[in-house]
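# Tertiary structure, described
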Amino acid sequence: MRRASGKIAVVTGAAQGMGAAFARLLTMEGARVMLTDVLSESGEATAAALGPNAHFAPHDVTSEADWHAVIAATESRWGPVSVLINNAAIVHHAPLESMSEVDYRRVIDVNQVGVFLGMKTVFPSMKRAGGGSIINISSVAGIVGAALEIGYVASKFAVRGMTKAAAIEYAPHQIRVNSVHPGVIRTRLTQTTPTTEPLLKAILRESPAGRLGEPDEVGHIVLMLATDESRFMTGAELVIDGGLSCR
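Within any chain, residue numbers begin from 1 and follow the written order of that chain's sequence. Owing to the predicted nature of the model, reporting of local features is limited to residues with pLDDT of at least 70; listing and counting of side-chain atom pairs is limited to 80 or more, with chain, interface and lining totals taken over all residues. Values shown for side chains rest on all heavy atoms present in the structure; no hydrogens or waters enter the calculation.

This part covers the overall build of the protein chain. Of the regular secondary structure elements, the protein chain holds seven helices and seven strands. Put simply, the protein chain runs from its N terminus to its C terminus through helices and strands in the order β-α-β-α-β-α-β-α-β-α-β-α-α-β. Here the C-alpha radius of gyration of the protein chain, 17 Å, is about what a compact globule of 247 residues would show, namely 18 Å. With the C-alpha coordinates aligned to their principal axes, the bounding extent of the protein chain is approximately 45 × 35 × 35 Å. Put simply, DSSP marks the helices as runs of H or I at least four residues long and the strands as runs of E at least two long, and each gets a number from the N terminus on. The quantity called the radius of gyration is restricted to C-alpha atoms. Its globule counterpart is 2.2 Å times the number of residues to the power 0.38.

This brings us to the side chain of N86. In this fold, N86 is placed in strand β4 (residues 83-86). The residues contacting N86, other than those within four sequence positions of it, are T12, W67, G114, V115, G118, M119, I134, I135, N136 and I137. Whether two residues are in contact is decided by their heavy atoms, any of which lying within 4.5 Å being enough.

By this rule, a helix spans an expected 1.5 Å times one less than how many residues it contains. In a regular helix each residue adds 1.5 Å, so 29 residues correspond to 42 Å; helix α4 (residues 101-129) covers 40 Å between its end C-alpha atoms and thus fits that length. Looking one or two places after α4, you find G130, whose phi comes out positive at around 85°.

Given a rise of 1.5 Å per residue, 21 residues ought to cover 30 Å, and the 30 Å separating the end C-alpha atoms of helix α5 (residues 150-170) matches this to within 8%. A 1.4 Å probe rolled over the protein chains alone gives each residue an accessible area, and that area as a share of the maximum for its type sets the label: buried under 20%, exposed over 50%, partly exposed in between. Of the residues making up α5, those classed as buried are G151, Y152, V153, S155, K156, A158, V159, M162, T163, A166, A167 and Y170. Its buried side turned inward, α5 meets α4, β5 (132-137) and β6 (175-182).

Moving on: the environment of A158. By the secondary structure assignment, A158 is in helix α5. With 50 residues separating them along the chain, A158 and I108 place their C-alpha atoms 9.3 Å apart.

A word on empty space enclosed by the protein. Cavities and pockets were defined on a 1 Å grid built from protein atoms only: a cavity is a group of points that admits a 1.4 Å probe but offers it no way out, a pocket is an open group of points flanked by protein on both sides within 12 Å along at least five of seven lines, and a lining residue is one with an atom within 4 Å of any such point. Grid points are joined across faces, edges and corners, and a volume is the space filled by probe spheres set on the points. For the coordinates displayed, the defined rule picks out one cavity of 30 Å³ or more. Its volume calculated, the largest cavity comes out at about 30 Å³. Every residue lining the largest cavity is listed: T12, V61, N86, N87, A88, V110, G114 and V115. Looking at the lining of the largest cavity element by element, the count peaks at three residues for α4. Here the lining of the largest cavity is built from residues that sort into four nonpolar, four polar and no charged. When residues are sorted by character, Ala, Val, Leu, Ile, Met, Phe, Trp, Tyr, Cys and Pro go into the nonpolar class, Asp, Glu, Lys and Arg into the charged class, and all the rest, Gly among them, into the polar class.

So, on to the layout of surface pockets. In this model, the second largest pocket occupies a volume close to 170 Å³. Along its surface, the second largest pocket is lined by 17 residues, and R211, L212, G213, D241 and G242 are the ones closest to its centre. For the lining of the second largest pocket, the elements supplying multiple residues, two or more each, are α6 (197-206) and α7 (215-226). In terms of residue class, the lining of the second largest pocket is made up of nine nonpolar, four polar and four charged.

This part takes up the packing of α4 against α5. In this analysis an axis means a line fitted to C-alpha atoms, helices contributing only their contacting stretch, and an angle means the value between N-to-C directions, from 0 to 180 degrees. Axis separation between α4 and α5 bottoms out at 8 Å; the angle between their running directions is 15°. It follows that α4 is roughly parallel to α5 by the angle criterion. Two packed elements cross with a definite hand, and for α4 against α5 that hand is right-handed. Facing α4, whose interface residues are Y104, V107, I108, N111, Q112, V115, F116, M119, K120 and F123, α5 presents I150, G151, Y152, A154, S155, K156, A158, V159, M162, A166 and Y170. Its residues assigned to classes, the contact of α4 with α5 comprises 15 nonpolar, four polar and two charged. Just so you know how the angles are binned, under 35 degrees is roughly parallel, over 145 roughly antiparallel, 65 to 115 roughly perpendicular, and the rest oblique. By convention the crossing between two helices is left-handed if the near helix lies anticlockwise of the far one by an angle smaller than a right angle, and right-handed if it lies clockwise.

What follows covers the pairing of strand β3 (residues 54-58). Looking at chain direction, strand β2 (residues 32-37) and β3 are connected through five bridges and run parallel. Within β3, the residue paired with V33 across the bridge is A54. When the strands point away from the viewer, a crossover counts as right-handed if the path from the first strand over the helix to the second runs clockwise. Once you follow β2 into helix α2 (residues 40-50) and on to β3, the crossover reads as right-handed. Pairing between two strands requires that DSSP report at least two bridges joining them.

Bear in mind that shape data such as this cannot, by itself, settle questions of function.
Structure follows, in structure tokens:
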């Protein structure tokens with residue numbers, strides 16, 4: 001039997017990057033996966049490439065109505081949700097002194113409020129499933145600070161704390177909640193600009209591993225959390241950062 005057989009998962013931000021890797025590994029291991037994203041064309045293509053156990057739904061994680069629609073669509077297609085991976089996130093690089101309130105609030109809305117809405121909305125479905133696993137993708141920036149990323153850092157620290165609060169509340173319902181803290185991973189979020197390239201090079205110089213991580217290197221940890229292999233793990237922080245946070 002494959003490791004995730006019988007699991008029904010929702011993965012946000014799954015059109016590309018880490019989310020696409022999570023969805024691919026889950027389907028390979030027997031799960032049925034609803035991929036969601038605001039990037040509909042890429043999301044449809046990614047889901048189609050994964051075969052009949054994957055489907056795509058357009059989804060703005062800042063919209064509670066969209067969350068209800070995604071959970072309902074997943075239940076209608078396959079049954080109650082047993083795995084939620086809150087992966088959707090954005091970053092806005094700017095010095096604190098020039099960061100606009102609009103840009104700051106947008107990062108918080110996607111990265112923090114989106115996770116709140118996901119954990120809240122999936123709860124009834126996971127109770128119907130008899131329990132489940134919520135995996136919140138935070139960041140090494142939820143462990144240590146980072147320049148030019150005040151909104152991102154704030155949101156990822158928040159996700160770390162929200163995970164622990166939800167883990168306590170949801171444990172009586174056999175729902176586990178853990179956070180994953182990737183370092184600098186090769187995705188669209190690490191595509192450099194003239195402003196961010198020096199920052200990325202400085203981070204890599206500080207990293208004991210000395211390189212970018214790959215989406216699958218995070219994906220294999222997420223897969224473990226999605227399966228019953230981690231059934232006694234909740235409220236935990238799993239750091240996959242090449243040793244960056246050791247400094």
